[in-house]
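# Architecture and fold: a report
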Amino acid sequence: MKTATSTKTGGTSRVQRTEAVLAGLLLAAVLSACQATKPESARPASAAEASSPQGDWVLLRSVVPAAEAAVSSGRVSGVDPAAMVAAHNRWRAEVGAPGLRWSDKLAGVAQGWADQLRSEGCAMYHSGNGYGENIYKASALMWSDGRRDLQKKTPQQVTDSWGSEIKFYSYADNSCSGVCGHYTQVVWKDTKEVGCAMSVCGDNSQIWVCSYAPAGNVVGQKPY
């Protein structure tokens, strides 16, 4: 049985945490909207559509409650901040990289992108939002009678799946013999903050997103 734990950020009020998550969610929503913008050859908006603020209010009505709910529960979409930070820092400690701290703003950014990917059937591709980003997907548990149940994944399991890419990374020549960019972002020494979120798709598969600042995987640099 998984025990839920709540965490508090020392010296940070609930209002401040709500504002931080809201800022991240708004940023992610704006980025998603920009990506969804049609080219100029698409149908032009009418004058009424162009001047109406209704779309902006719809966006705010959906984002503000999400930020408040995330803060009131002490986590964003089921992701335990303390467990996720600890899972990252275990890998970082192995290479002497300083520990990460949790960011509610980055968690909001991650939530926005996780929700966007969920809306696309749990697609997997990067947002390109300027932050570091790791993505993880787990399919549903399939039963012989056709049922699809949600797998119980922990922050440790998710982070370890990225960390396992260490076997593909060569520190000597700073190269990968397979996919290893998730691992190098986890241990990137100059990254200071992380925020993560999870969304569940209609078929009970799940998508996890972690956002990092400053971003790692800078070309020509070693992670530590």
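In what follows, the structure referred to is the one given above.
Residues numbered from 1 in each chain as written. Predicted model: local features only at pLDDT ≥ 70, side-chain atom pairs only at ≥ 80, totals over all residues. Heavy atoms only, no water.

### What to know about the packing of aromatic side chains
Under the convention used in this document: Planes of paired rings set the category: under 30 degrees apart is stacked, over 60 is edge-to-face and the rest tilted, where pairs are Phe, Tyr or Trp rings (Trp by its six-membered ring) whose centres lie within 6.5 Å. In DSSP terms, a helix is any run of H or I states spanning at least four residues, a strand is any run of E spanning at least two, and both are numbered starting from the N terminus. In this scheme, a residue with accessible area under 20% of its type's maximum is buried, one over 50% is exposed, and one in between is partly exposed, where area comes from a 1.4 Å probe on protein chains only. Here, a charge over a ring is recorded when the distance from Lys NZ or Arg CZ to the ring centre is within 6 Å and its angle to the ring normal is within 35 degrees.
Scanning all chains against the criterion turns up five aromatic pairs. Measuring from ring centre to ring centre gives 6.5 Å for Y169 and Y171, while their planes differ by 75°; the resulting arrangement is edge-to-face. Between Y169 and Y183, the aromatic rings sit 6.2 Å apart at their centres with planes inclined by 50°, giving tilted as the arrangement. Here Y169 is found in strand β5 (residues 169–170), whereas its partner Y183 is found in helix α7 (residues 181–187), with 14 residues between them in sequence. Each member of the pair, Y169 as well as Y183, carries the same accessibility label: buried. The rings of W91, Y169, Y171, Y183 and Y224 are connected pair by pair, giving a single aromatic cluster. Cation over ring: R147 sits above W143, and NZ or CZ is 4.7 Å from the ring centre. In this structure, K222 packs its charged tip against the face of Y171, placed 4.1 Å from the ring centre.

### Considerations on the state of the cysteines
This is how it is decided: Two cysteine sulfur atoms form a disulfide, by the criterion used here, when they sit within 2.5 Å.
This structure, assessed with the given rule, holds three disulfides. Disulfide pairing places C122 opposite C201 at an S-S distance of 1.8 Å. Between C122 and C201, the S-S dihedral sits near 95°, and the bridge is therefore right-handed. Remark: C201 occurs in the loop between β7 (193–200) and β8 (206–213) and C122 occurs in the loop between α5 (104–119) and β2 (132–138); sequence separation between them is 79 residues. Of the two residues, C122 and C201, both sit in the buried class. Disulfide pairing places C196 opposite C210 at an S-S distance of 2.0 Å. Linking C196 and C210, the disulfide has an S-S dihedral of approximately 105° and is accordingly described as right-handed. Within this pair, whereas C196 is found in strand β7, its partner C210 is found in strand β8, the two being separated by 14 residues in sequence. On the basis of relative accessible area, C196 is assigned to the buried category, the value being 0%. According to the relative accessible area criterion, C210 is buried, its value standing at 1%. In the protein chain, the bonded cysteines, taken in the order they occur along the sequence, pair up as 1-5, 2-3, 4-6.

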